[in-house]
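The lines below spell out each chain.
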Amino acid sequence: MSSNDDPIVIPMPERNPSDPPGMSASGQKTLAEEAVLSFHNISYGETVQNGFPLCKKTYVVERLSNISGIMKPGLNAIMGPPDGSRSLLLDVLAARRDPRGLSGQILINGKPRPANFTCTSGYVPQNDVVMDTVTVRDNLEFSAALRLPMTTTRDEKRRRINEVLELLHLDKVADRKPRSKELKKRTSIAVELVADHPILFLDEPTTGFDLSMENDVISVLRRISKKGRTIIFSIKHPVYFIFRLFDSLTLVASGKVMFHGPAKSALEYFKYQGYTYESHHIPVDFFLDIIIGGAIIHTKEDDHEAKFDEHEEFLETDHQVIQKLARMYIESSFYSETSMELDRVLWEQQGEMSSALEVSCVTPFWHQLVWITHRSLKNGKGFLRVTMTKALITVFMAAAIGITFWMLKNVCIEVETRVFLLFLLTGFQCITSMSAGEIFVFDRDRFLHEHTSGYYGVLPYFLGKLLAELGPRRLLPILLFTPITYGIAGVIASVEGFFAMMFTITLLTYSASSLPLSVRAGKKAEAVPTPLVTIYFVFMLVSSGLSLYFGSLLPALSWIQYFNIPHYGFQI
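Notes on the structure in this doc start here.

Reading the values: rules and limits
Residues numbered from 1 in each chain as written. Predicted model: local features only at pLDDT ≥ 70, side-chain atom pairs only at ≥ 80, totals over all residues. Heavy atoms only, no water. Pairing = 2+ DSSP bridges. Helix = DSSP H or I, 4+ residues; strand = E, 2+ residues; numbered from the N terminus. Core = buried A, V, L, I, M, F, W, Y, C linked by side-chain atoms within 4.5 Å. Buried < 20%, exposed > 50% of the residue type's maximum accessible area, 1.4 Å probe, protein only. Contact = heavy atoms within 4.5 Å. 1 Å grid on protein atoms, 1.4 Å probe; cavity = no way out; pocket = protein on both sides within 12 Å on 5 of 7 lines; lining within 4 Å. Points joined across faces, edges and corners; volume = space filled by probe spheres on them. Nonpolar A, V, L, I, M, F, W, Y, C, P; charged D, E, K, R; others polar.

### Details of the pairing of strand 4 (residues 102-108)
Item 1. Strand direction decides the pairing type here: strand 1 (residues 37-50) and strand 4, joined by 6 bridges, are antiparallel. Counted as the bridge partner of S38 is L107 from strand 4.
Item 2. Note: strand 4 against strand 5 (residues 111-112), 2 bridges, orientation antiparallel. Across the sheet, the residue bridging to I108 is K111, located in strand 5.
Item 3. What sits between strand 4 and strand 5 in their antiparallel hairpin is a turn of 2 residues, with N109 showing a positive phi close to 55°.

### Thoughts on the nonpolar core
Item 1. Core analysis: the largest hydrophobic core is formed by 98 residues, its most contacted members being L37, F201, F246, L249 and F270.
Item 2. Ignoring any residue separated from it by four or fewer positions in sequence, one finds L37 in contact with G69, I70, M71, L93, I106, L107, I108, F117, I199, F201 and I232.
Item 3. Counting 13 residues, the second largest nonpolar core, distinct from the first, contains I401, F481, M501 and I505.

### Some details on empty space enclosed by the protein
Item 1. Tallied over the full model, the rule gives 5 cavities of 30 Å³ or more.
Item 2. Taken as a whole, the largest cavity spans an internal volume of roughly 140 Å³.
Item 3. Together, 17 residues line the largest cavity, and V129, V130, V191, E450 and Y455 are the ones closest to its centre.
Item 4. At the level of secondary structure, the elements contributing two or more residues to the lining of the largest cavity comprise strand 6 (122-124), helix 2 (136-147), helix 4 (181-195) and helix 16 (444-452).
Item 5. Of the residues in the lining of the largest cavity, the class split is 9 nonpolar, 4 polar and 4 charged.
Item 6. Size it by volume and the second largest cavity reaches roughly 60 Å³.
Item 7. Taken together, D138, E141, F142, W371, H374, R375 and K378 make up the lining of the second largest cavity.
Item 8. Element by element, the count of residues in the lining of the second largest cavity is highest for helix 12 (residues 365-381), at 4 residues.
Item 9. Among the residues forming the lining of the second largest cavity, the class breakdown is 2 nonpolar, 1 polar and 4 charged.

Okay, structure coming up:
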């Protein structure tokens, strides 16, 4: 038994490069250690606010209630009605929810869940977050480069990528961009398989697929589980020939467990409890009918007399049905056997405490920065048409403004016109900089998934995006707009004047970009909408214009200039 100060990790095997994914160095079809996940009396509550903005009431809603179970190597399915319980349970087990609402214990091989569990386990979200502007192979190479240790050679990484591509039948489309739903989902699974973690979580991995593709995905997951990997996934409505591949089944509804045990025993369990199963029914439909109160229960003593009248059974509320099924499961032998097994696990690890969750990366800062920059540059190529369109618009506007102020003369009578042109350039650069924060907002879901999974830290991601995306995006309009306007309008006919203007415009652009970037890249980015940033710039431009035409602002408003980004650029 380890001390509380010792780090807890999931051991990984020393692999032979020739072994397929999931194979140990000895050639056995198991990982170095099979991961068994057990959860003991876990409950989860979400804090909800309700009411008017100034008098909101805060209360906690219990979403999961005293759920216990064990997930072993194999296919472990979580099913239930569409009330959010199955995905919530999966996310809680995968440590993808706020731990402040969690109570109970979650153990891995009888030990507290590692602090870096999100980095040592795979997770495929329901909404695919793979980058569809780069190829399938590019996505896998990015995952392998950042999630495999630095000691893994380039040839070993390439071999593992090729094996995963072949396993998921992606080898023929490896150089294609994942634009379709099916290709995105398979790429999402492949990205996690490259990391070769002993536990893999999948949230609705077959949603939106036809039967053939659904069967293909589940069959691949089953082959992987046979090599000793623990596969835990939520699934909505599998057909029978897919359901029979499951090893374990957990039925949840309204945060309570209706059944937890071997999938092949679920049908007999409900039949034993007195529910009538028609031969033409699909087992999954039968389970869901029971949970929503649509099935009829009969007494064992008299199969012809209903224990409850059919009309009364259908009038029974969902809450009453779920409460009855939850009590029924607690009184069953499946619950007793699971409780005994969980008690043995708890007895073996008593005295140990779980660590707070944290993100750890296996690669150094510079390696993360290089790969994030590399992928961001490739991502920019995917928007080549958009970039070209913006460039053409910029050239057109620069030419229009330049022609409007055709060949200004360096005389006193045109000072006001020259100043107005500089003010117009200042306003144009500020307005076009308001979209800077979008480079982080659009990637928010992908960043949260990858950062939590241990791909990279926050600082290398931020710097990599700045170097590869914000820099070129802001620099291109400057290089196009300023020389054209300068050449046509003839602001200052000298080399020194041209470069001084370029330098000033560059400083102004990046300063103006910093404001939307700072408010849109935080944890509560949605709380600061883009219109507020727009209002700021419009108001500041108006105040700069007033000072331009009226000499100065009112004394009471003179402090505004110190918070006015356009003012500094205009004055320079």
